[in-house]
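Examining the three-dimensional arrangement
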Amino acid sequence: MANLLGALIGAAIDRGDGDSGIKGAIVGTVAESAIRVLVPIAVTWALGWAVQYGVRKAWHAATGADPVNVRTGTLRAKPA
């Protein structure tokens, strides 16, 4: 039952080509399973990136050491 929606969508797409729809149902089920695994990983990565970006920008704003030149948008050279 969990993969029913993916199977139905895949079968409908496959039937559009004039096939029986069984191959499309299998592909739809596999695609839905892959999406269920990959979406949480992608969301976790994006949230982690946003948090570290915000913390870094806040730290640079608090310490006055922002490595990005606000006027040009380029990186400033690090002191040697």
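Above this text sits the structure in question.
Here's what I pulled together on the structure shown here. (Residues numbered from 1 in each chain as written. Predicted model: local features only at pLDDT ≥ 70, side-chain atom pairs only at ≥ 80, totals over all residues. Heavy atoms only, no water.)

Describing the overall build of the protein
Secondary structure summary: the protein contains two helices and zero strands in total. When each of the 80 residues of the protein is scored for burial, the buried share is 15%. For the protein, the proportion of contacts with a sequence separation of at least 24, taken over those separated by at least 6, is 26%. Within the structure as shown, the protein displays about 6,500 Å² of accessible surface, and the carbon and sulfur contribution to it stands at 72%. (Helix = DSSP H or I, 4+ residues; strand = E, 2+ residues; numbered from the N terminus. Buried < 20%, exposed > 50% of the residue type's maximum accessible area, 1.4 Å probe, protein only. Contact = heavy atoms within 4.5 Å. Areas by Shrake-Rupley, 256 points an atom, 1.4 Å probe, with all protein chains shown as cover.)

Re the pattern of salt bridges
Applying the stated criterion across every chain, the model contains one salt bridge. Between R36 and E32 there is a salt bridge, with its nearest N and O atoms 3.0 Å apart. You can see R36 and its partner E32 sitting in helix α2 (residues 22-63), four residues apart, about one turn around the helix. The exposure class of R36 is partly exposed, given its relative accessible area of 48%. The class for E32 is buried, based on a relative accessible area of 14%. (Salt bridge = Lys/Arg side-chain N within 4 Å of Asp/Glu carboxyl O.)

Some remarks on the environment of A25
Here A25 lies in helix α2. Between the alpha carbons of A25 and G6 there is a distance of 7.1 Å; along the sequence they are 19 residues apart. For A25, the contacting residues outside a window of four places in its chain are A7, G10 and A11.

Overview of the packing of aromatic side chains
What characterises a pair of aromatic rings is the spacing of the ring centres plus the angle enclosed by the ring planes. Under the counting rule described, the total for this entry stands at one aromatic pair. An angle of 15° between the planes, with centres 5.1 Å apart, marks the rings of W49 and Y53 as stacked. Separated by four residues within a single helix, W49 and Y53 lie in helix α2, roughly one turn from each other. Judged by its relative accessible area of 33%, Y53 falls in the partly exposed class. (Phe/Tyr/Trp six-rings, centres within 6.5 Å; stacked < 30°, edge-to-face > 60°.)

Brief notes about α2
What sets the pattern is the α-helix's 3.6 residues per turn: residues three or four places apart point alike. In a regular helix each residue adds 1.5 Å, so 42 residues correspond to 62 Å; α2 covers 61 Å between its end C-alpha atoms and thus fits that length. Among all positions in α2, only G24, A25, G28, E32 and H60 are buried. Positioned one or two residues after α2, G64 has a phi angle of 75°, which is positive. (Expected span 1.5 Å × (residues − 1).)

Focus: the environment of T29
The residue T29 is located in helix α2 in this model. You can call T29 partly exposed: its relative accessible area is 23%. C-alpha of T29 to C-alpha of L8: the two residues are 21 residues apart in sequence and 8.6 Å apart in space.

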